[in-house]
Amino acid sequence: MRLKDISNKILLAVLILLLNSCDKNFLGITPEDKITSNNFPTSEDDIDFLLNGVYNELHDGRSIWDQFLFGFGMLDGATPNSFNWGNTDVSKIGNGSLSTGDTGFLTFRWTKCYAIISRANYLLEAIELVELDEKDKSRIVGEAYFLRGLAYSVLVETYGGVPLIEATIAPEESRELSRASIEETWAFVISDYDKAINNLEIEAPEVGRATKGAALGMKMRAYLYQNKYEQVLEVVGQIEDLNKYGLFSSYEGLFRLENENNQEVLFDVQYIRGENSQGTMHDQFSGIGTGSFTRGSRYVPTQDLIDAYEMIDGSDVDPENPYEGRDPRLEFTCVVPGAYFLGYRFPNYIYPGGAYNHPGCQLKQFSARKYQIEPESELPPSGQSDLNYIVLRYADVILAKAEAIIETNGNINEAIDLINRIRTERDDVKLTALPMGLSQGEARSQLRHERRIEFAFEGLYWSDIKRWDIGKDIYPYEVLNYDGGIIETKFPGGYLDYYDLLPIPDSEISLNKNLVQNPGW
């Protein structure tokens, strides 16, 4: 059975592992009425149920917040890539107005990650109670460590050092935990990924399961986010030795249902269309839709992002025909004026007084296209999009290697060759190749530009801005409407360095006197 085809049995596993409400007990890590070892687990099926329950925590199709566990395009609303209307946590992160009392994004990431950790810990203990084939046991243990490492990587990248929990504990114990340092938390992440790598195979028994390549890829990203470039190169070499991954032939096709789980995907979150909350609401909160709020646009591309896309031949943009001859990834990522989307010519059908189906948004030029399901005849019911979200793909491996070569004073021409693969190797993206002989600074600038364009609306730019320490260079940033008026100024007083780490939610600190808030908050 594929993970994509999650059955009602998995939902039963979720009920079996039902955790306490996270707003009642710090971390929400243990159930009050946990089924005991006297009656559960007793079989391999029970262990499979527990494992599926951990995977199920990667998303929650019942709410918009499931899109923020690993990024999704809406997190670009916290960057100059897009404008996120509605005074959401993401827009506040992006404009410098966030507070510790905001309860959406901050609370969700914290509690969801600890739910994954709790379930993984329970599984690692429960598996010792059941006799399993050693190969199957090794795989399940590897998947549990992978998922736990994934959760801790999101926590440390967002909040810094956090409490490290390696076993199931009682609620009263959770209220006494202290934060580990950032270095200790990252080390814990690497340790979990190493355990996963040692236990997982190159191929998974079911589509969507963690593999050795997925664990290596996330370990690579963990080092990348720490700017540990020598280690990045070492892990990239191990990924290349698997001889499994490569660029998919079509950039546009990467984000189509018919091409899911292709050779570029190292790990993705699986979704299924249906009424059991196994789909995603991503398309409901993005894209231009067909005139109904249920397909409204929560975030829209900025002119700054649009301007960043090059001409195919390297020439200047023609102001009279600004969308002709541009990098094809522009129209694969964004809906631009004159384009057809879901059978409509954009933006002619926008009703008077509003744009993107919301009167508060005045960016009438553009909308998001990536991760939208087309054509209209294939649109899923609202909240049931079955298009997988790619957490890590091989283009990231290529660009991580190029960045690591540049930052370790390696062969710059080798790095440029890697960047040019992204620019020229796909059937539908053919840009002028970058020249050889660039300086380190020039190569660094090209690398950072390429990452921004390649991963636009995939939620990675926020992390890149922080780790590159460029917030002070790109803010304040003025978001302009179609008439050139200012809608919003992001960080009007300049970037606040303490935003590199977001605050631990007030609700969590109030339950544990040992939690110390991040500086500046």
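What counts and how
- Residues numbered from 1 in each chain as written.
- Predicted model: local features only at pLDDT ≥ 70, side-chain atom pairs only at ≥ 80, totals over all residues.
- Heavy atoms only, no water.
- Helix = DSSP H or I, 4+ residues; strand = E, 2+ residues; numbered from the N terminus.
- Buried < 20%, exposed > 50% of the residue type's maximum accessible area, 1.4 Å probe, protein only.
- Phe/Tyr/Trp six-rings, centres within 6.5 Å; stacked < 30°, edge-to-face > 60°.
- Axes fitted to C-alpha atoms, helices over the stretch in contact; angles between N-to-C directions.
- Parallel < 35°, antiparallel > 145°, perpendicular 65-115°, else oblique.
- Left-handed = near helix turned anticlockwise from the far one by under 90°.
- Contact = heavy atoms within 4.5 Å.
- Nonpolar A, V, L, I, M, F, W, Y, C, P; charged D, E, K, R; others polar.

### Details of unusual backbone geometry
1) Next: Note the cis peptide between E374 and P375, where omega equals 0°.
2) Next: Tracing the backbone shows P375 in the loop between strand 7 (367-368) and strand 8 (389-393).
3) Next: The linkage connecting Y475 with the following residue, P476, adopts the cis geometry, with an omega of 0°.
4) Next: As for its placement among the helices and strands, P476 is situated in the loop between helix 16 (471-474) and strand 9 (477-480).
5) Next: Non-glycine residue N243 carries a positive phi angle of around 50°.
6) Next: Here N243 is to be found in the loop between helix 9 (229-241) and strand 2 (265-269).
7) Next: You can call N243 exposed: its relative accessible area is 72%.

### Digging into the packing of aromatic side chains
Geometrically, a pair of aromatic rings is defined through the distance of the ring centres and the angle of the planes.
1) Next: Scanning the model with the defined rule gives 19 aromatic pairs in all.
2) Next: For the pair F146 and F267, a centre-to-centre distance of 4.9 Å together with 70° between the ring planes defines the contact as edge-to-face. Of this pair, F146 sits in helix 5 (residues 134-159) while F267 sits in strand 2; the two residues are 121 residues apart in sequence, bridging distant segments of the chain.
3) Next: Among the residues examined, F267 registers a relative accessible area of 2% and is labelled buried.
4) Next: An angle of 50° between the planes, with centres 4.7 Å apart, marks the rings of Y499 and W521 as tilted.

### A look at the packing of helix 8 (residues 212-224) against helix 9
The geometry of a pair of packed helices is captured by two quantities: the angle between their axes and the separation between those axes.
1) Next: In the contact formed by helix 8 and helix 9, the axes pass within 8 Å of each other and the chain directions differ by 165°. Relative to helix 9, helix 8 is oriented roughly antiparallel. Pair helix 8 / helix 9 crosses with left-handed handedness. For the pair helix 8 and helix 9, the contacting residues are L216, G217, K219, M220, Y223 and L224 in the first and Y229, Q231, V232, V235, V236, Q238 and I239 in the second.
2) Next: A class-by-class count of the residues in the contact of helix 8 with helix 9 yields nine nonpolar, three polar and one charged.

This is a description of form; function is not addressed.
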